[in-house]
Amino acid sequence: MKNNNRLGRRSLLGVVALVGMLLCAVSQAQLATNIGVDVKAMSMGHAVTADPPGIMAVHFNPAGLAKLDGRQINLQFLGVDLSLESKFSAPPGYNVFGYSDDPIVCNDAPNDGVDYCRDFKTSSSTIEGVSLYIPFLNDTVDLPPGPLLAGPLPSFSIKPAGSKFTFATATYLPQAAGFYRSEDDPGNYMGKRVALERITYLSPSIGYQVNNELSIGASIGLSFQAVSLEQDFRAPNQLLGFARTLDESICAPFKGESNIALDLILFGICRPEEGLGPFKNLASLDVSMDQRLSPSYNLGVLWEPNDWFAWGAVWRSESKMHLNGDYQITYSKAAQDTINGIGGSATGALALAVLGIPSRVGEQEVGQVNMDLTMPASFQTGIKIRPTDRLQFNIDAVWADYKEWDSFTFNFDRSSTMLSLARLFSAGSTSTSLQYPLNYQSTWNLAFGASYDLTGRIQLRAGYEPRASAIPDDRRSPLVPINEAKFYSLGLGYKWDKDTDIDLGIAQLRSKDDIPANSSCAANCTGIDNLVYNPYAGLDIQTEATINIVGLAFRTKF
């Protein structure tokens with residue numbers, strides 16, 4: 001997105017729309033954490049803290065690097081298919097300020113002269129394909145429909161002969177998600193195009209063999225973080241319902257007329273050619289933010305007192321970032337006509353000035369935005385048990401500090417009267433920043449893995465991980481509809497020769513959710529204060545997300 005000019009003042013609509021969009025995207029970052037980091041770990045349900053997966057112990061438990069010998073290389077290949085579906089329906093008695101003809105849930109012909117819906121429907125939203133943010137091009141690209149293929153993702157390790165130290169580095173994706181929808185999809189108000197990714201491009205690591213039973217390790221991750229979104233904006237709000245009543249009832253007799261007396265009495269509210277309404281598209285938004293270098297570290301310990309039992313633990317540090325980027329807002333004709341029409345009246349311009357709203361808005365508005373974002377720390381500990389020579393069970397407990405996301409603060413590139421107005425409705429905001437509460441909660445969940453040595457060359461694997469949700473019930477959203485989720489996996493390890501191993505894995509993450517009308521103020525809250533951000537106010541929402549993954553890893557000595 002290129003910005004060739006900046007406007008001195010922003011509209012409150014633009015600020016509210018921008019903040020709502022960013023909140024929905026960044027707050028869903030837990031979606032794809034750890035899903036495609038390593039094929040073997042994936043096939044064991046990520047329960048590998050006490051059984052680190054080769055060189056990718058860099059991420060899962062760097063103490064496991066001490067078990068590697070010589071020089072090794074690992075290449076990972078992944079295929080990912082993402083399916084996100086949402087359904088929207090109207091509950092009994094649905095209306096916004098008396099209007100129920102929302103085209104998302106109403107099957108009536110548009111502009112049929114009736115302000116209520118006679119034939120309700122359930123509409124569905126789905127995604128067309130995968131979107132990726134390209135770091136050095138600073139652009140988001142849409143891939144052809146179908147699975148995303150990634151690889152080779154390389155990692156290397158070396159342990160000098162006779163040394164207790166192992167050194168390693170890896171390139172991997174600890175977090176990645178992105179999609180795009182068709183132009184007329186009803187889900188475009190919660191993301192027409194989304195890309196959210198964290199790429200660890202370098203991870204210098206070390207493992208140390210303290211003795212025959214105990215190992216310790218550490219790694220430093222140097223990562224790139226990006227958030228990019230495009231979406232349409234609407235606000236089924238009581239104020240916009242009242243605006244429609246003014247336009248269709250009070251102003252109807254005066255349409256096409258403009259005189260000083262009329263403008264003075266009615267504050268210019270009847271001047272717009274096209275008025276506002278609760279179900280109209282108000283703006284289209286485009287924003288991207290990134291940080292080129294985002295460091296973090298992992299600390300691990302591995303204790304193996306005998307052949308049939310092991311215990312491991314890893315601490316993954318938080319990562320503090322300062323994301324910077326640009327945004328562009330393109331206003332609809334209705335939004336432009338309304339603000340410019342009211343601003344064209346003397347009394348209307350005075351009223352807007354009192355409220356701190358500009359008396360004129362152009363088709364586009366551009367600016368810069370930044371935010372401080374902390375990717376939460378996590379802790380994982382687990383055990384490995386081998387009850388027989390061939391059978392092994394792994395159990396891990398995983399904690400993630402999403403309570404760190406108590407609120408998000410967005411900083412704009414200059415002072416704005418609009419932000420001064422917005423701070424009246426948002427505690428902690430200033431004339432150049434806007435704060436929005438999240439109240440997320442830290443989570444614990446278990447992960448389970450099992451393996452069976454079918455022969456001396458073939459190992460069968462299976463995993464299960466029920467993932468907890470950090471998102472409170474009143475903050476759920478269909479943008480990326482994964483809250484509580486279940487992860488299932490199967491895999492196979494094949495020893496090609498004494499120096500070479502091949503891992504195969506398949507996995508599926510599934511999540512379903514119901515968001516009843518007026519239950520989440522990140523999707524469908526009703527009321528006069530629901531601007532940030534409830535594009536489906538008053539509607540029932542059902543979501544289902546499925547991520548299918550196929551992986552191949554090749555590991556050998558050289």
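The structure displayed is predicted, hence computed values, not measured ones. (Residues numbered from 1 in each chain as written. Predicted model: local features only at pLDDT ≥ 70, side-chain atom pairs only at ≥ 80, totals over all residues. Heavy atoms only, no water.)

Some remarks on the overall build of the protein
Then, number 1: Scanning the protein from N- to C-terminus turns up 8 helices and 23 strands.
Then, number 2: In the protein, which comprises 558 residues, the share counted as buried stands at 56%.
Then, number 3: In the protein, once contacts between residues fewer than 6 apart in sequence are set aside, the share between residues at least 24 apart is 75%.
Then, number 4: Roughly 23200 Å² of accessible area belongs to the protein as shown, and the carbon and sulfur atoms make up 59% of that amount. (Helix = DSSP H or I, 4+ residues; strand = E, 2+ residues; numbered from the N terminus. Buried < 20%, exposed > 50% of the residue type's maximum accessible area, 1.4 Å probe, protein only. Contact = heavy atoms within 4.5 Å. Areas by Shrake-Rupley, 256 points an atom, 1.4 Å probe, with all protein chains shown as cover.)

So, the pairing of strand 1 (residues 70-89)
Then, number 1: Sheet topology note: the strand 1/strand 5 (residues 148-159) ladder contains 10 bridges and is antiparallel. For Ile-73, the partnering residue across the bridge sits in strand 5 and is Phe-156.
Then, number 2: In this structure, strand 1 lies alongside strand 23 (residues 540-557), joined through 18 bridges in antiparallel fashion. Following the sheet pairing, Glu-85 is matched in strand 23 by Glu-544.
Then, number 3: The sheet contact formed by strand 1 and strand 2 (residues 123-126) spans 4 bridges and is antiparallel. The residue of strand 2 that forms the bridge with Phe-88 is Ser-123. (Pairing = 2+ DSSP bridges.)

Quick notes on helix 6 (residues 333-343)
Helical geometry: 3.6 residues make up each α-helical turn, so side chains three or four residues apart lie on a common side.
Then, number 1: Helix 6 sits mainly inside the fold: 10 of its 11 residues count as buried.
Then, number 2: Every buried residue belonging to helix 6 is among Ala-334, Ala-335, Gln-336, Asp-337, Thr-338, Ile-339, Asn-340, Gly-341, Ile-342 and Gly-343, and all of these are buried.

Some details on the layout of surface pockets
Then, number 1: When its volume is computed, the second largest pocket comes out at roughly 890 Å³.
Then, number 2: Forming the walls of the second largest pocket are 36 residues, and the residues nearest its centre are Lys-40, Asp-51, Lys-495, Asp-501 and Arg-555.
Then, number 3: Elements represented by at least two residues in the lining of the second largest pocket include exactly strand 19 (443-453), strand 20 (458-467), strand 21 (485-497), strand 22 (500-515) and strand 23. (1 Å grid on protein atoms, 1.4 Å probe; cavity = no way out; pocket = protein on both sides within 12 Å on 5 of 7 lines; lining within 4 Å. Points joined across faces, edges and corners; volume = space filled by probe spheres on them.)

Brief notes about the pairing of strand 17 (residues 407-412)
Then, number 1: The two faces of strand 17 differ: Phe-408, Phe-410 and Phe-412 on one face are buried, but Ser-407, Thr-409 and Asn-411 on the other face are not.
Then, number 2: The sheet contact formed by strand 14 (residues 364-375) and strand 17 spans 3 bridges and is antiparallel. Counterpart to Val-369 in the pairing with strand 17 is Phe-412.
Then, number 3: Sheet topology places strand 17 next to strand 18 (residues 433-437); 5 bridges connect them, and they run antiparallel. In the sheet register, Thr-409 faces strand 18, and the bridge partner there is Gln-435.

Concerning the packing of aromatic side chains
Then, number 1: In total, this model carries 14 aromatic pairs according to the counting rule given.
Then, number 2: Where Phe-88 meets Tyr-536, the ring centres are 4.3 Å apart and the plane angle is 25 degrees; that geometry is what we call stacked. Placement of the pair is Phe-88 in strand 1 and Tyr-536 in the loop between strand 22 and strand 23, with a sequence separation of 448 residues.
Then, number 3: Given the relative accessible area of 0%, Tyr-536 is considered buried.
Then, number 4: The interplanar angle of 15 degrees and the centroid separation of 6.1 Å between the aromatic rings of Tyr-133 and Phe-224 together place this pair among those described as stacked. Taken together, the residues Tyr-133 in strand 3 (residues 131-134) and Phe-224 in strand 10 (residues 214-233) connect sequence positions 91 residues apart.
Then, number 5: Ring pairing ties together the aromatic residues Phe-88, Tyr-189 and Tyr-536, which thus form one cluster.
Then, number 6: Above the ring of Tyr-189, the side-chain terminus of Arg-234 is found at 5.2 Å from the ring centroid. (Phe/Tyr/Trp six-rings, centres within 6.5 Å; stacked < 30°, edge-to-face > 60°. Lys NZ or Arg CZ within 6 Å of the ring centre and 35° of its normal.)

Concerning a nonpolar patch on the surface
Then, number 1: Taken together, the side chains of Ile-220, Tyr-297, Leu-299 and Trp-315 make up a nonpolar region of the molecular surface, amounting to roughly 370 Å² of accessible area.
Then, number 2: Along the chain, Tyr-297 turns up in strand 11 (residues 283-303).
Then, number 3: A residue is classified by how much of its surface remains accessible, and Tyr-297, at 40% relative accessible area, is partly exposed. (Patch = residues over 30% accessible without salt bridge, like charges linked within 9 Å, V, L, I, M, F, W, Y side chains within 5 Å. Salt bridge = Lys/Arg side-chain N within 4 Å of Asp/Glu carboxyl O.)

Focus on the state of the cysteines
Formally, a disulfide is one covalent bond, and it connects the sulfur atom of one cysteine to the sulfur atom of another.
Then, number 1: Using the criterion set out here, one finds 3 disulfides in the structure.
Then, number 2: Here Cys-106 is linked by a disulfide to Cys-117, with a sulfur-sulfur distance of 2.3 Å. With the S-S dihedral at roughly 100 degrees, the linkage between Cys-106 and Cys-117 falls on the right-handed side. Of this pair, Cys-106 sits in the loop between strand 1 and strand 2 while Cys-117 sits in the loop between strand 1 and strand 2; the two residues are 11 residues apart in sequence, bridging distant segments of the chain.
Then, number 3: Its relative accessible area of 6% is what places Cys-106 among the buried residues.
Then, number 4: A disulfide bridge connects Cys-251 with Cys-270, and the sulfur atoms are separated by 2.1 Å. (Disulfide = S-S within 2.5 Å.)

Quick look at the nonpolar core
Then, number 1: Counting residues in each nonpolar core, the largest one holds 70 residues, and the members touching the most others are Leu-373, Trp-405 and Tyr-536.
Then, number 2: Every residue in contact with Tyr-536, bar those within four places of it in the chain, is listed here: Phe-88, Ile-104, Pro-186, Gly-187, Asn-188, Tyr-189, Met-190, Arg-234, Pro-478, Ala-523, Asn-524 and Ile-541. (Core = buried A, V, L, I, M, F, W, Y, C linked by side-chain atoms within 4.5 Å.)

Thoughts on helix 4 (residues 238-250)
Then, number 1: Taking 1.5 Å of rise per residue, the 13 residues of helix 4 would be expected to cover 18 Å, and the 17 Å separating its terminal C-alpha atoms lies within 8% of that figure.
Then, number 2: Those residues of helix 4 that sit buried are Leu-240, Gly-241, Arg-244, Leu-246 and Asp-247.
Then, number 3: Sitting at the amino-terminal end of helix 4 is Asn-237, which places a side-chain oxygen 2.7 Å from the backbone nitrogen of Leu-239. (Expected span 1.5 Å × (residues − 1). Polar contact = N/O pair within 3.5 Å; in protein donor to acceptor, adjacent residues only side chain to side chain.)

Remarks on the environment of Trp-308
Then, number 1: Following the sequence through the fold, Trp-308 ends up in the loop between strand 11 and strand 12 (309-316).
Then, number 2: As for Trp-308 and Pro-387, which are separated by 79 residues in sequence, their C-alpha atoms are 6.7 Å apart.
Then, number 3: Setting aside residues no more than four positions away along its own chain, Trp-308 makes contact with Lys-384, Ile-385 and Arg-386.

Observations concerning the confidence of the model for the protein
Then, number 1: When the pLDDT values of the protein are averaged, the result is 85; 89% of them are 70 or greater.
Then, number 2: Within the protein, no element has a lower average pLDDT than helix 8 (residues 417-422), which sits at 52, and none a higher one than strand 12, at 98.
Then, number 3: Confidence drops under pLDDT 50 across residues 1-11; counting only partners more than four residues distant or on other chains, this segment forms 40 contacts. (pLDDT = per-residue confidence, 0-100.)

Regarding the side chain of Lys-40
Then, number 1: Mapped onto the fold, Lys-40 is located in helix 2 (residues 39-43).
Then, number 2: For Lys-40, which is buried and forms no salt bridge, the nearest opposite charge comes from Asp-51, at a distance of 4.5 Å.
Then, number 3: Not counting residues within four places of it along the chain, the set of residues in contact with Lys-40 comprises Asp-51, Pro-53, Arg-461 and Asp-503. (Lys, Arg positive; Asp, Glu negative; His and termini not counted.)

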